[in-house]
Amino acid sequence: MKKLLFILFIFACQSIPTYPWFSGELEELKKMAGSKPIMMEFYTDSWGWCVRLEADTFLDEGFLNLTERFYSIKINAGERNGSKIAEKYNVHGYPTVIFINQNGDEIDRIIGYGTPEDFIPKVSNILSGKNTIPYLEDNLNHDPNDNFSLFILGKKYLDRGNSELSKKYFNQFIYNS
């Protein structure tokens, strides 16, 4: 009976998908990333929503299909090195997922837990460049009165803790309205 249970356990464990996290340091990953973006997941061991994000969303087949388009690294904000990186990117809530380029420049972020149905479209938009900070700023270069871009940029900069830029975009949005 013990052998049967052991065999069933081994079989069950082999069918559980795993997420392709990079196991080295962020600086190492930035050097090898090339043109692929890097997804950083900031988490803490003590926060259940971080665990749920990985179990529910990151292991979803639809999300796993996207992982060929970017590299991923987990950053424990409760550890010394992780807290320094979280501070650099102005992370205040967990989980926070930030996409960066190989230079470490932020492309966009997703704050908090999301189901696969909610999270996957956001990641797809980020990967296609849609409604990211560079995309929205480019829109404003073509049309400085684009209220949609002004409002979304105001919100994105507020989420990043950059109140000065957020205020600038929200004030322009209000002025235009």
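Every chain's residues receive numbers from 1 upward, in the order its sequence appears when written. Owing to the predicted nature of the model, reporting of local features is limited to residues with pLDDT of at least 70; listing and counting of side-chain atom pairs is limited to 80 or more, with chain, interface and lining totals taken over all residues. Note that the side-chain values use all heavy atoms of the structure and ignore hydrogens as well as water.

1. A few points about the overall build of the protein chain
Item 1. Counting from the N terminus, the helices are DSSP H or I runs at least four residues long and the strands are E runs at least two residues long. Counting secondary structure elements, the protein chain contains nine helices and four strands.
Item 2. Put simply, the protein chain runs from its N terminus to its C terminus through helices and strands in the order α-α-β-α-α-β-α-β-β-α-α-α-α.
Item 3. In terms of its C-alpha atoms, the protein chain occupies a principal-axis envelope of roughly 75 × 35 × 30 Å.
Item 4. In this scheme, a residue with accessible area under 20% of its type's maximum is buried, one over 50% is exposed, and one in between is partly exposed, where area comes from a 1.4 Å probe on protein chains only. Taken across its 177 residues, the protein chain has 38% of its residues classed as buried.
Item 5. Taking the intrachain contacts of the protein chain between residues at least 6 apart in sequence as the baseline, contacts between residues at least 24 apart amount to 62%.
Item 6. Note on areas: Shrake-Rupley with a 1.4 Å probe; residue coverage comes only from the protein chains shown. Accessible surface for the protein chain amounts to roughly 10,600 Å². Of this, 56% is attributable to carbon and sulfur atoms.
Item 7. Side-chain charges in the protein chain split into 19 positive and 23 negative, and the spacing between the mean points of these groups amounts to 4 Å. Residues are treated as being in contact if the distance between any of their heavy atoms lies within 4.5 Å. Two residue types count as positive, namely Lys and Arg, and two as negative, namely Asp and Glu; His and chain ends fall outside the count. By convention, the point assigned to a charge is CZ for Arg, NZ for Lys, CD for Glu and CG for Asp.

2. Some remarks on unusual backbone geometry
Item 1. In this chain, Tyr94 is followed by Pro95 through a cis amide linkage whose omega measures -5°.
Item 2. If you trace the backbone, Pro95 turns up in the loop between helix 5 (80–88) and strand 3 (96–100).
Item 3. Residues other than glycine seldom take positive phi values, yet Asn90 does so here, at roughly 55°.
Item 4. Relative to the helices and strands, Asn90 is located in the loop between helix 5 and strand 3.

3. Description of the packing of aromatic side chains
Item 1. When the centres of two rings from Phe, Tyr and Trp lie within 6.5 Å, Trp using its six-membered ring, the rings pair. Their planes under 30 degrees apart give stacked, over 60 give edge-to-face, and anything left gives tilted. For the structure on display, the rule yields 13 aromatic pairs.
Item 2. Between Tyr157 and Tyr169, the ring centres sit 5.9 Å apart and the planes meet at 10°, which makes this aromatic pair stacked. Residue Tyr157 is found in helix 8 (residues 147–159), and its partner Tyr169 is found in helix 9 (residues 163–176); the two are separated by 12 residues along the sequence.
Item 3. Classification of Tyr157 by relative accessible area gives buried; the value is 10%.
Item 4. The exposure class assigned to Tyr169 is buried, which follows from its relative accessible area of 8%.
Item 5. Ring pairs connect the aromatic residues Tyr19, Trp21, Phe58, Phe63, Phe70, Phe99 and Phe119, which therefore count as one cluster.
Item 6. In this analysis the charged atom, NZ for Lys or CZ for Arg, is taken to sit over a ring once it is within 6 Å of the ring centre and within 35 degrees of the ring normal. It is Lys74 that lies over the ring of Tyr43; its NZ or CZ is 4.6 Å from the centre.

4. Some remarks on the nonpolar core
Item 1. Residues Met39, Phe58, Phe63, Phe70, Phe99 and Val123 are the most contacted members of the largest nonpolar core, which totals 17 residues.
Item 2. Counting residues per element, the ones that place at least two in this core are helix 3 (48–58), helix 4 (61–66), strand 3, strand 4 (106–111) and helix 6 (116–128).
Item 3. Broken down by element, the residue count for this core peaks at five residues, all from helix 6.
Item 4. Every residue in contact with Phe58, bar those within four places of it in the chain, is listed here: Tyr19, Trp21, Met39, Glu41, Leu53, Phe63, Leu64, Val97 and Phe119. Grouping buried Ala, Val, Leu, Ile, Met, Phe, Trp, Tyr and Cys residues that are joined through side-chain atoms within 4.5 Å yields what is termed a nonpolar core.

5. Examining the sheet that holds strand 4
Item 1. One requirement defines pairing of two strands: DSSP has to find at least two bridges between them. Spatially, four strands are ordered 2-1-3-4 in an open sheet, and the strand pairing comes out mixed. With partners counted over all chains shown, the strands left at the sheet margins are strand 2 (71–76) and strand 4, one partner each. Strand-to-strand twist in this sheet, taken as the mean axis angle between neighbours without regard to direction, amounts to 20°.
Item 2. As defined by bridge partners, strand 3 adjoins strand 4 across five bridges and the pair is classed as antiparallel. The residue bridging Ile98 from the neighbouring strand is Arg109, located in strand 4.
Item 3. All axes are obtained by fitting lines to C-alpha atoms, using only the stretch in contact for helices, and the reported angles, taken between N-to-C directions, cover 0 to 180 degrees. On top of the sheet, helix 3 reaches strand 1 (38–43), strand 2 and strand 3; it is set at about 140° to strand 1, its chief contact.

6. Focus on the pairing of strand 1
Item 1. When you tally the buried positions in strand 1, you get six out of six residues, the bulk of the element.
Item 2. Here strand 1 shows two buried faces, one formed by Ile38, Met40 and Phe42 and the other by Met39, Glu41 and Tyr43.
Item 3. One ladder, built from five bridges, connects strand 1 with strand 3; its direction is antiparallel. Note that in strand 3 the partner of Met40 across the bridge is Ile98.

7. Brief notes about the confidence of the model for the protein chain
Item 1. Here the protein chain averages 90 in pLDDT, while 90% of its residues score no lower than 70.
Item 2. Predicted confidence is poor over residues 4–14, with pLDDT under 50, and the contacts of this stretch with residues over four places away or in other chains come to zero contacts. Each residue carries a pLDDT score, the predictor's own confidence in it, on a scale running from 0 to 100.

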